[in-house]
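Structural characterization, general
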Amino acid sequence: MTFISGIVLAKVLTLPVYVWLILSLFALLCAFLLIRPPRPLSLLFSRLPALRIPPTVLTISRPAIVLMSFSLASLLLGAVRYQSALPQSTISQIAWFNDRQYDLLITGTLVEPPDYRDTYTNLRLQAQQVDTAKEQYKVSGLLLARVGPNQEYHYGDILRLRGRLQTPPADEDFSYRDYLARQGIRSYMGAAEATVLPGSGGNPVVAVVYGLKERSLQNIYRLFLDPEASLLAGILLGVDSGLPSYLEQAFNDTGTSHIIAISGFNIAVVAGIFVLLFSRLLGPRWGALAAVIGIVFYTFLVGASPSVVRAAFMGTLALLAAQLGRRQQGLNALALVAAWMALLNPLVLWDVGFQLSFFATLGLILYSEPFQAAVDRFLARFFPAARAHQSASLFGEFVLLTLAAQLTTLPIAAYHFKQISLVSFVANPFILPVQPAVMVLGGLAVSISLVLYPLGQLAAWIAWPLTAYTIRVVELFDSVPHGVIYLGGFSMAFVVLYYAVLMAITFAGPNLKSIFASLQARFRYFSLTAILLSLFVCIVLVWRLVAATSDGRLHITFLSVGSADAALIQTPTGRNILINGGPSASAASDGLGRRLSPLDHTLDWLVLADTEENQVASLDRLVPRFPPRNVLLGANEQASFSSRALMQQLADRAIPVTPAEAGQQLDLGRGAFLKVLNLSPRGAILLVEWNSFRALLPIGENLDTLVQLQEGSAVGPINVLSLAQSGYAPLTPPAWLRNLNPQLVVISVAAGDKSGLPDKDTLDALAGYSFLRTDLNGWISVMTDGSHMWVQAERP
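Residues numbered from 1 in each chain as written. Predicted model: local features only at pLDDT ≥ 70, side-chain atom pairs only at ≥ 80, totals over all residues. Heavy atoms only, no water.

1. Section: helix 13 (residues 352–380)
Put simply, the rule reads: Strands here mean DSSP runs of E at least two residues long; helices mean DSSP runs of H or I at least four residues long; both are numbered from the N terminus. What a helix should span is 1.5 Å times the count of its residues minus one. Bending is quantified residue by residue as the angle between axes fitted to the seven-residue window ending at that residue and the seven-residue window starting at it.
Between its first and last C-alpha atoms helix 13 spans 40 Å; for 29 residues at 1.5 Å apiece the expected length is 42 Å, and the two agree. By the largest-angle criterion, Tyr-367 marks the main kink of helix 13, which is about 45 degrees, and a proline, Pro-370, follows within four residues.

2. Things to note about the layout of surface pockets
Applied cut-off: Both cavities and pockets are sets of points on a 1 Å grid over the protein atoms alone; in a cavity a 1.4 Å probe fits but cannot get out, in a pocket the set is open with protein on both sides within 12 Å along at least five of seven lines, and lining residues sit with an atom within 4 Å of a point. Grid points are joined across faces, edges and corners, and a volume is the space filled by probe spheres set on the points.
Estimated volume of the second largest pocket: approximately 610 Å³. Forming the walls of the second largest pocket are 18 residues, and the residues nearest its centre are Phe-274, Tyr-298, Gly-443, Leu-444 and Ser-447. Those elements giving two or more residues to the lining of the second largest pocket turn out to be helix 6 (204–223), helix 7 (228–237), helix 9 (264–282), helix 10 (284–301) and helix 16 (435–451). Per-element accounting of the lining of the second largest pocket gives the leading share, seven residues, to helix 16.

3. Considerations on the packing of helix 15 (residues 424–431) against helix 17 (residues 453–478)
Two packed helices can be described by the angle between their axes and the distance between those axes. Applicable threshold: Every angle, taken between N-to-C directions, lies between 0 and 180 degrees, and every axis is a line fitted to C-alpha atoms, over only the stretch in contact when it is a helix. Throughout, the term roughly parallel applies to angles under 35 degrees, roughly antiparallel to angles over 145, roughly perpendicular to angles from 65 to 115, and oblique to all others. What makes a crossing left-handed is the near helix being turned counterclockwise from the far one by less than a right angle; a clockwise turn instead makes it right-handed. Note on contacts: a residue pair is in contact if any heavy atoms of the two residues lie within 4.5 Å.
Relative orientation of the contacting elements helix 15 and helix 17 amounts to 165 degrees, with a least axis distance of 10 Å. When the axis of helix 15 is compared with that of helix 17, the two are roughly antiparallel. The two elements helix 15 and helix 17 meet at a crossing, and its hand is right-handed. Contact residues: Val-426, Ala-427, Phe-430 and Ile-431 in helix 15; Tyr-469, Thr-470, Val-473, Val-474 and Phe-477 in helix 17.

4. Describing the packing of helix 6 against helix 17
To keep it simple, the criterion reads: All residues other than Ala, Val, Leu, Ile, Met, Phe, Trp, Tyr, Cys, Pro, Asp, Glu, Lys and Arg, Gly among them, are scored as polar; the first ten of these are nonpolar and the last four charged.
Running from amino to carboxyl end, helix 6 crosses helix 17 at an angle of 60 degrees, the nearest separation of the two axes being 10 Å. When the interaxial angle is binned, helix 6 and helix 17 end up oblique. The way helix 6 lies across helix 17 gives a crossing that is right-handed. Across the interface between the two elements, Asn-219, Arg-222 and Leu-223 from helix 6 touch Tyr-453, Gly-456, Gln-457 and Ala-460 from helix 17. Taken together, the residues that form the contact of helix 6 with helix 17 break down as three nonpolar, three polar and one charged.

5. Remarks on the nonpolar core
For the record, the criterion: The set of buried Ala, Val, Leu, Ile, Met, Phe, Trp, Tyr and Cys residues whose side-chain atoms join them within 4.5 Å is what this entry labels a nonpolar core. Residue burial is assigned from relative accessible area. The probe radius is 1.4 Å, only protein chains are included, and a residue is buried under 20% of its type maximum, exposed over 50%, and partly exposed in between.
In terms of nonpolar packing, the biggest core is built from 51 residues, with Ile-220, Phe-224, Leu-236, Phe-251, Tyr-298 and Met-439 touching the most fellow members. Top element by residues in this core is helix 17. It accounts for ten residues. Contacts of Tyr-298, omitting those with residues within four sequence positions, involve Ile-235, Leu-236, Ile-262, Ile-267, Val-270 and Met-439.

6. Section: the packing of aromatic side chains
Under the convention used in this document: Only the six-membered ring of Trp is used, alongside the rings of Phe and Tyr, when aromatic pairs are assigned; centres must lie within 6.5 Å, and planes under 30 degrees apart are stacked while those over 60 apart are edge-to-face, with the rest tilted. Note on geometry: a ring has a charge over it if NZ (lysine) or CZ (arginine) is within 6 Å of the ring centre and within 35 degrees of the ring normal.
Tallied over the entire structure, the rule returns ten aromatic pairs. Here the aromatic rings of Tyr-498 and Tyr-499 are separated by 5.7 Å at their centres, their planes lie at 90 degrees, and the arrangement is edge-to-face. According to the relative accessible area criterion, Tyr-498 is partly exposed, its value standing at 27%. We classify Tyr-499 as buried; its relative accessible area is 12%. Geometry around Tyr-453 places Arg-222 over its ring, the cationic atom sitting 4.0 Å from the centre.

7. So, the sheet that holds strand 20 (residues 693–697)
Hydrogen bonds between backbone atoms are what pair the strands of a sheet, whose relative direction is either parallel or antiparallel. Using the following cut-off: When DSSP finds at least two bridges between two strands, those strands are taken to pair.
One open sheet accounts for seven strands, arranged 17-18-19-20-21-22-23; its pairing is mixed. Unpaired on one side and paired on the other, strand 17 (665–669) and strand 23 (771–773) mark the two borders of the sheet. When the angles between neighbouring strand axes are averaged without regard to direction, this sheet yields 15 degrees. Relative to strand 22 (residues 744–747), strand 21 (residues 720–722) runs parallel, the two sharing three bridges. Among the inter-strand pairings, Ser-722 is bridged to a residue of strand 22, identified as Val-746.

8. Looking at empty space enclosed by the protein
Counted by the stated rule, this structure contains two cavities of 30 Å³ or more. Taken as a whole, the largest cavity encloses approximately 50 Å³ of empty space. Forming the walls of the largest cavity are Phe-558, Asp-565, Ala-566, Ala-567, Ile-579, Leu-697, Ile-699, Ser-722 and Ser-748. For the lining of the largest cavity, the per-class residue count stands at six nonpolar, two polar and one charged. Of the pockets and cavities examined, the second largest cavity occupies roughly 40 Å³. Among the secondary structure elements, those contributing two or more residues to the lining of the second largest cavity are strand 14 (603–608) and helix 23 (619–625). Per-element accounting of the lining of the second largest cavity gives the leading share, three residues, to helix 23. Looking at side-chain class alone, the lining of the second largest cavity contains nine nonpolar, no polar and no charged residues.

This is the structure:
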């Protein structure tokens, strides 16, 4: 730990690296001289009585002095390592070209799989060359580039970026600069244009591993619906970018986000599976070695973040210790792993994930067994010893381990996230018991699908209920009022004081060790648990299938995807029609995944009523997850980059595309129709009719459309009206509303829309009408039997 303390000291006290190095060498020299002093020095001591040390004192003090000298040398070497890790600003480094007031051409190799987001893609490149238009320079170093969405990239691609290079930003709340620096990235291109060049780079073995990860991720979204698919992508592969922001926040607020981020829990499950599998095939020792290789492979597969690396090191040490017949010393192993990681990258000590992982493991080492023993003794007062021990073991697995980890991570989480979750102690016991099964069954489904997809789909149906249960429980506890305490500022002094008091009580409390005893947790009723778990899976799966089955009514659900249109029509005969998709793939995928059957992800029709960028940007990623059987094109396919990419993907998949015509209609069954009422250069005006029910979706509306439809007189009264372009006033004149006279008006708009939509004039015109907004009410669902109408919203 002195090595780590030296790294922290060097961050606070800035000295040249050669000063730290000289001091550390001097400390090492003193230590070696005290261990075995040379003969001339011994003679000198014997001739100088004033320096002579009494033998009794010498025998007691020399080992202590030697230990202190080595500790001091370790501390100073930690400072040397930190100073040597600081970047050197030279023209051969890419960071040299930061903050220039002109565009650069940068050539580099993609060193990690791309990070796809809703509206952009993050790329990490190893820079090789910089072209300033006047001269070219050979450079090295990592940079992060943000490029547009809907273009595929792969590890090893050689890219040419055009844009302005800058130092990553930093503010009071969050320093993106420090976050990237801990990963060796000190240059950032926020709006880059990327061109893929011929050839490929990178390591061939790494390319195979990342290729496997990419295939696995694709199969996850084919096997499962969202949001379960995105949750499994995070749990199994560490790809958590697919979760919608509200669900990600729900995991944070309930203190359960640790199940998404790959950490010690995931590694422990993986290690257990590998040991069980390989030990039976290869024997205990070779099986343990194969398990270690499997852990290393999995760590590399999921991205090797600091928390994952720490967990992998700990798991490896535990397996090796077991094979050597020695009981692993948890504190020593944890300190060794932390020091090793700090040696490789001193900045890892300031990584939030590493800090949380380190202190969670510390809590488990220090308190899990004592807590369990205390509960065991308490229950023994009321029950027989055997039953008390079994109950304490069960309680410890689901509650005490969480309590032990949260006891040591509480100040870290409060300091970094400025909040404390009060429901986490209750939510975790409901969620953690099913997570091993989620990992095992989900991982098994994905693995099988890579070889035989239909069999993998069958396994996915078995795994789905447990994943769905996890999300529903998180959402349930997130709805508990006042479940989170939001903190303003949280001083580091409180963090230090908290740990000082906690460690003092732990190590200095005279009665603590006598109170707590070490017990192993065992859950003996495995067969009964398996039966109950199977019944639970069947019940949830049947419930989900029944919920997705057609009820003979017509459903129109306006999904909350931002300032754009995305409507899912579920017909009386059980067909599914998606109209547009909006800009957010995660939001649209989440909305569809909650409503489609887990047995069938396909859409009967995809209707493109507007092909502007924000209307269809999500569809390039949605089509592989929810492939449509047919596409109705009611707008210009060349209107945006996303629409052109979508058309190419539809062509590659041989999905038929039908150009829409005015007056055309789709039969929704039982007398219901979706009609193309009008076509404009922008897109299509759609009308849903079933008996006396009418819903107008003027997605492609423009000013000419208003004239052609006589400001609504040619349409007549309707039940539901979706406002065009998120309530843009010129497209929603008062006469339009009067002539249509809708019972319900729906506004699809993002919270805090950058253009200020819906316009104030629109809201004024809506006075006296019933209307709902997706920014305030979330998704909005209209259900009808052709004569009556029911309305439901996520937030009424």
